[in-house]
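Chain by chain, the residues run as shown.
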Amino acid sequence: MLAIYKKELKTYFSTMIGYAFIAFFSLVVGFVFYYINVLGATAFVGYALRYAYIAVVMMVLVPVLTMKIFADERHQKTDQMLFTAPVTVGRIVMGKFMAVATVFTIPVLVMLTYPLIMSDYGNTPVAANYAAIIGFWLMGLALFAIGCFVSSVTENQIISAVITFAILLLIFILQYISGIFPTGQLASAIAICLFIVIFALIYWLIARKNTKNALLYSGIIAAAGIGAVIILYFVNGSMFDGLLQNILLRCSVYYMYSYYFSAEIIDIGSLVYFVSVIGFFLFLTVQSVQKRRWS
């Protein structure tokens, strides 16, 4: 794993992509920090990190950094060298993810100086500021984990970047469009059933080339999910009040970052949420690469 990590990290800094990411991201975050916290005389750094401009920058930079992690190796057929190496797929994925996480962590380390700068202007919530930065770091790692997964299911870098951007954009706007969805019990149950069908269809589209009986599996997923919704609706229909909106909001890591750190504290729930998202998409990445390894 260490060899893969060093190899991947070297690729970022043997070209300008790693340096460009660090410089541009630090410039944008620094400008927003200066505008919100210094000029606006706001002591809490989290207000700057939740600014929409930073979210948009992340939507662009994350696909750029992750689009070639697996897609390029698959396109050039160099992934076969990794598959024959005496290392597990999990270690391969972790080595590549840790490399891109390192590139992202460098400008985050620069951000750790922001609370110290603010302390020169008076009393500031130092602990809350560092909690917000740590939360932002975890949110960024979750976005990079999503990008890694997308890169593992395609061999075209451009397609990988476009799909990753689309997913991150959807995650961002979920917090704004969740209010247009129905809140009633029956409407929420029907909407959730539709999302289950869409999820099963997406699974079939992704797995049909590498998984035998992918259509059967997707049908089982849809039937089991819809059946569970119907049973729960008749057993305890009140649980569907506003359930769809809550699910959509919790699918947006941007919203969850604001939700957990708006109170200027860090709790176990925030750590569990972001670590779970990171682990979930890394697990999907391992499964995707594993299927290709034996196909």
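Here, every reference points to the structure presented above.
Since the model is a prediction, treat every value here as computed from it, not as a measurement.

### Comments concerning the pattern of salt bridges
Pairing between side chains becomes possible if they bear opposite charge and their charged atoms approach one another.
Stage number 1. Going through the model one piece at a time under the given rule, you end up with two salt bridges.
Stage number 2. The salt bridge partner of E8 is K96, with a shortest N-O separation of 2.7 Å. One end of the pair, E8, is in helix α1 (residues 2-14); the other, K96, is in helix α7 (residues 89-111), and 88 residues separate them in sequence.
Stage number 3. If you follow the salt bridges from partner to partner, you end up with K7, E8 and K96 in one network.

### Thoughts on the packing of helix α10 (residues 157-177) against helix α14 (residues 253-261)
Stage number 1. Closest axis-to-axis distance for the α10/α14 pair is 7 Å, and the angle between their directions is 45°. Our classification of the angle between α10 and α14 gives oblique. Side by side, α10 and α14 meet where L168, I171, F172 and Q175 of the first sit next to V253, Y254 and Y255 of the second.
Stage number 2. Residues that form the contact of α10 with α14 fall into these classes: six nonpolar, one polar and no charged.

### Looking at the nonpolar core
Stage number 1. Counting 73 residues, the largest nonpolar core has F25, V253 and Y254 as the members making the most contacts within it.
Stage number 2. By residue number, the principal contributor to this core is helix α9 (residues 126-152), which donates 16 residues.
Stage number 3. Ignoring anything within four residues of it in the chain, the contact list for F25 reads V57, M58, L61, F104, P107, M111 and F136.
Stage number 4. A189, I192, I196 and V229 belong to the second largest nonpolar core, which has 10 residues in total.

### Focus: helix α2 (residues 17-39)
Each α-helix turn comprises 3.6 residues. Residues three or four places apart therefore point the same way.
Stage number 1. Taking 1.5 Å of rise per residue, the 23 residues of α2 would be expected to cover 33 Å, and the 31 Å separating its terminal C-alpha atoms lies within 8% of that figure.
Stage number 2. For α2, the principal kink sits at F33 and spans about 25°.
Stage number 3. Buried within α2 are the following residues: G18, F21, I22, F25, V28, V29, V32, F33, I36 and N37.
Stage number 4. Buried-residue contacts for α2 involve α1, α3 (46-49), α4 (52-66), α7, α8 (114-119) and α9.
Stage number 5. A41 occupies a position one or two residues after α2 and carries a positive phi of about 55°.

Basis of the calculations
Residues numbered from 1 in each chain as written. Predicted model: local features only at pLDDT ≥ 70, side-chain atom pairs only at ≥ 80, totals over all residues. Heavy atoms only, no water. Salt bridge = Lys/Arg side-chain N within 4 Å of Asp/Glu carboxyl O. Helix = DSSP H or I, 4+ residues; strand = E, 2+ residues; numbered from the N terminus. Axes fitted to C-alpha atoms, helices over the stretch in contact; angles between N-to-C directions. Parallel < 35°, antiparallel > 145°, perpendicular 65-115°, else oblique. Contact = heavy atoms within 4.5 Å. Nonpolar A, V, L, I, M, F, W, Y, C, P; charged D, E, K, R; others polar. Core = buried A, V, L, I, M, F, W, Y, C linked by side-chain atoms within 4.5 Å. Buried < 20%, exposed > 50% of the residue type's maximum accessible area, 1.4 Å probe, protein only. Expected span 1.5 Å × (residues − 1). Bend = angle between axes of the 7 residues up to and from the residue.

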